[in-house]
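The residues making up each chain are set out below.
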Amino acid sequence: MSTPMIRYLLSRIGCFMLLAGSIFLIVGFALVGSAEPNFDALLIGSALFFGGYLLWHRFRKKAERRRRFSKFRKNTEKDEQHIEEEGRGWEDRFDD
């Protein structure tokens, strides 16, 4: 398996955990309001929800920043590294 495929799979697993956790949270809140409260569903739901959020947020595909009007925007370190990497194609790296 390649790394992008693993990232995609973990992102989807995180999304599924978010969905299952939110269902468990809804059921857990309904059980707390009943005559016999059961906090197990609430704890399982919160664990699934936060675990899924962490997986989804860490491994989801990030949208690239727009390059339009980039001269007017403040450059970050990542943008400066990207600009440096683009410029290296023109210089001779073997004459150092």
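These numbers come from a predicted model, not from an experiment.

Summing up its helical and strand segments, the protein chain has 3 helices and 0 strands in all. Each helix (α) and strand (β) of the protein chain, taken in turn from the N terminus, gives the series α-α-α. Scored against the burial criterion, the 96 residues of the protein chain give a buried share of 14%. Within the structure as shown, the protein chain displays about 8800 Å² of accessible surface, and the carbon and sulfur contribution to it stands at 62%.

What follows is about helix H1 (residues 3–32). Spanning 30 residues, H1 covers 42 Å between terminal C-alpha atoms, matching the ideal 44 Å at 1.5 Å per step. Residues of H1 that are buried: Ser 11, Gly 14, Leu 18, Ala 20, Gly 21, Leu 25 and Gly 28.

With respect to the element layout, Arg 7 can be found in helix H1. A residue is classified by how much of its surface remains accessible, and Arg 7, at 34% relative accessible area, is partly exposed. In the structure, Arg 7 is positioned 49 residues away from Trp 56 in sequence and 9.4 Å away in space, judged by C-alpha atoms. In contact with Arg 7, other than residues within four places in its own chain, are Arg 58, Phe 59 and Arg 60.

Reading the values: the criteria
Residues numbered from 1 in each chain as written. Predicted model: local features only at pLDDT ≥ 70, side-chain atom pairs only at ≥ 80, totals over all residues. Heavy atoms only, no water. Helix = DSSP H or I, 4+ residues; strand = E, 2+ residues; numbered from the N terminus. Buried < 20%, exposed > 50% of the residue type's maximum accessible area, 1.4 Å probe, protein only. Areas by Shrake-Rupley, 256 points an atom, 1.4 Å probe, with all protein chains shown as cover. Expected span 1.5 Å × (residues − 1). Contact = heavy atoms within 4.5 Å.

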